[in-house]
Amino acid sequence: MSQQGGRPTGHEDDWWRQLYDDSTADTGPTAAADSLDDRFASASGALDRAAGPDLDLESDPEPNPEPDPVPDPEPESGPDPDPESDLYLDLLADGPPTMRLTASGGGAVTGSPAAAPRPAAAPAGPEPGPAAQEPGPASWWQRAPWEAPQAASPPPPAGPAAPAGPPGPGPVVVAHVGSGPPTYDAEPTALPAADPDALDDLVPDTVVDGARYGACTLRAVSVRGDSPRYRGEPRRDALLTARFGAGEQALILVAMATGVRARPGAHRAAAEVCRWIARAVGRSHVRLAEDIRAARRGELKSGLQRLTDRSLGRLRAGAVEQGLAPEEYTATLRCLLLPADPHCRTRVFFGVGEGGLFRLRDGAWQDIEPGVTDEPDPSGQPGPHRRPQPPHPSQPSAPPEPSVPSEASGQSAPPGGPFTPDLGVPAPQDPRSAHAEESRPPHAEPFRFHAWVARPGDTLLMCTGGLAEPLRGEAEAGAYLARRWAGPAVPGLAAFLADAQVRVKGYADDRSAAAIWEA
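Residues numbered from 1 in each chain as written. Predicted model: local features only at pLDDT ≥ 70, side-chain atom pairs only at ≥ 80, totals over all residues. Heavy atoms only, no water.

1. Examining the side chain of E272
Within the secondary structure, E272 is located in helix α5 (residues 266-283). For the buried E272, no salt bridge is present, and the opposite-charge side chain at shortest range is R275, 4.7 Å distant. In contact with E272, not counting residues within four places along its chain, are L315 and Y329. (Helix = DSSP H or I, 4+ residues; strand = E, 2+ residues; numbered from the N terminus. Buried < 20%, exposed > 50% of the residue type's maximum accessible area, 1.4 Å probe, protein only. Lys, Arg positive; Asp, Glu negative; His and termini not counted. Salt bridge = Lys/Arg side-chain N within 4 Å of Asp/Glu carboxyl O. Contact = heavy atoms within 4.5 Å.)

2. Considering the confidence of the model for the chain
Regions with low pLDDT carry predicted coordinates that are not meant to be interpreted in detail. Mean pLDDT for the chain: 73, with 55% of residues reaching 70 or above. Per-residue pLDDT stays below 50 along residues 128-136; that stretch engages in 3 contacts with residues further than four places along the chain or on separate chains. (pLDDT = per-residue confidence, 0-100.)

3. Looking at unusual backbone geometry
In this structure, A262 takes a positive phi of about 60° despite not being glycine. Assignment of secondary structure puts A262 in the loop between β7 (251-259) and α5. Positioned with a positive phi, A295 is a non-glycine residue whose angle comes to about 60°.

4. What to know about the sheet that holds β7
Read across the sheet, 5 strands follow the order β6-β7-β8-β9-β12 without closing on themselves; strand pairing throughout is antiparallel. Among the strands making up the open sheet, the edge pair consists of β6 (237-244) and β12 (447-453). Across this sheet, the average inter-strand angle for adjacent strands is 10°, counted without regard to direction. As paired elements, strand β9 (residues 346-352) and β12 share 7 bridges and run antiparallel to each other. Each bridged residue has a counterpart across the sheet, and for V352 the counterpart in β12 is F447. (Pairing = 2+ DSSP bridges. Axes fitted to C-alpha atoms, helices over the stretch in contact; angles between N-to-C directions.)

5. Focus on the sheet that holds strand β4 (residues 206-213)
Sheet strands associate in pairs through backbone hydrogen bonding, adopting either a parallel or an antiparallel arrangement. Ordered in space as β4-β5-β15-β13-β10-β11, the 6 strands form an open sheet in which the pairing is antiparallel. In this open sheet, the two strands that pair with only one neighbour each are β4 and β11 (364-367). The average angle at which neighbouring strand axes cross in this sheet is 15°, direction not considered. Strand direction decides the pairing type here: strand β5 (residues 216-223) and strand β15 (residues 511-518), joined by 8 bridges, are antiparallel. In the strand pairing of β15, A220 is matched with A514. Contacts from helix α9 (residues 465-473) reach β10 (356-361), β11, β13 (459-463) and β15 within the one sheet, and its direction differs from that of β10 by about 55°.

6. Some words on α5
Each turn of an α-helix holds 3.6 residues, which means side chains three or four residues apart point in the same direction. An ideal rise of 1.5 Å per residue puts 26 Å on 18 residues; α5 measures up with 26 Å between its terminal C-alpha atoms. Counting buried positions along α5 yields 13 of 18 residues, so the element is predominantly enclosed. (Expected span 1.5 Å × (residues − 1).)

7. Focus: the packing of aromatic side chains
Following the criterion strictly, the structure yields 6 aromatic pairs and no others. Aromatic side chains W485 and W517 sit 5.7 Å apart centroid to centroid with 75° between the ring planes, which places their arrangement in the edge-to-face category. Linking W485 in helix α10 (residues 475-485) with W517 in strand β15, this pair joins segments that are 32 residues apart in sequence. By relative accessible area, which is 0% here, W485 ends up buried. Judged by relative accessible area, which is 5%, W517 ranks as buried. Each ring, one from F496 and one from W517, has its centre 6.1 Å from the other, and the planes form 80°; the classification is edge-to-face. Residue F496 is located in helix α11 (residues 493-500), and its partner W517 is located in strand β15; the two are separated by 21 residues in the primary sequence. According to the relative accessible area criterion, F496 is buried, its value standing at 0%. (Phe/Tyr/Trp six-rings, centres within 6.5 Å; stacked < 30°, edge-to-face > 60°.)

The following block contains the structure:
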């Protein structure tokens, strides 16, 4: 057979005429077996004879000469191998597959030249029983098109469960004391309103800090009260902790302030006065640290009062610029100075406005707030600056040490001299302190100052009115904190935050507190 328009090829078309010539008689039925395997073998042999011995479709440019393949002996028994399944398996060999047609028998598919040769098939033996056969799940390339897919084998049974690890830490629970549970929820409810042009005024709900210097460990926290959390009001309390200097010459400052209730910008006034007093103390920290180590009580009081008045004076000037009355844009201020020198245990408190200063000694609270009196007024009630003190349930409050000077007892020391007990002789007044008193506006809060020597094992607590009022007004609140803080172990930041939030019905204002544990 030739292309259209081509010349006859002669003998090359003899096979076509022999196959389709009408004169050729029918061969009739054959005695050979006529099965699917027989037909496949016959078709493979026809392709090999038509291709000839020199036809090689391998993609190698210079194939190496190969010896004539030796035909494999016919197996004595067993079914004929399925060449189609071998073709599928060889196609999965690494490298690009190539096909080679040989003249000796079936076509073979081989992998790349680098592929490893296939091992020779083992002689056919008796078929294994059903128990010995463990075929895996058949894929599309492992079965013939007419075979149904095998069901996937069930997953292996799960082994024993791994032992459970230790339970995680439980949630921190904020306790409540008193006659009943508080009115508000213990967690924040509403966020304060924000101004897109004044995002710097945003105040976080809670601030917590801590450090350890010298012989003391510090924990400080400022948290929004239950009522502002529910109403979506910003926290009016501000907290600032700072270290000035390095080494044993460093000075630690803890400042906290509270803005006026129900006044716009109260949180801003509290933050400003904390920053201004910190800036003033930081610029004079070298002199202040020297005065603390030398126990110059008079110089400390006059100098700190002057710095405090300057800071509050700037706050009053800011109120005038905003068109507000000075009493509308102001804040209370409470500060604590701690030297980093481990050999110096002198602690200095100063500030303006209401709050609390307590000392936990031998399991009992002592109210050491300066500027108070124990003498009752004509109505028989306690003094105007002191409320009933929450003693420990099992121990009464210990009286203050007479050797420690305090504003309450009237003890003082001459300027530049050491701390000494009061001998009934009035100390000379420092002219700088008198000038500071004259420069203060009328009806201003008195300046509070207290310096003392701490004792190992003491715990000092300085706080704003949000915590001082429940401590003075609810005995169970003081007893609860005494149990929590009387031991030698110092609580961590999270535990201290939970303790400072002890809830008392009727007290829902902002709270700021700083506690010092003396080693």
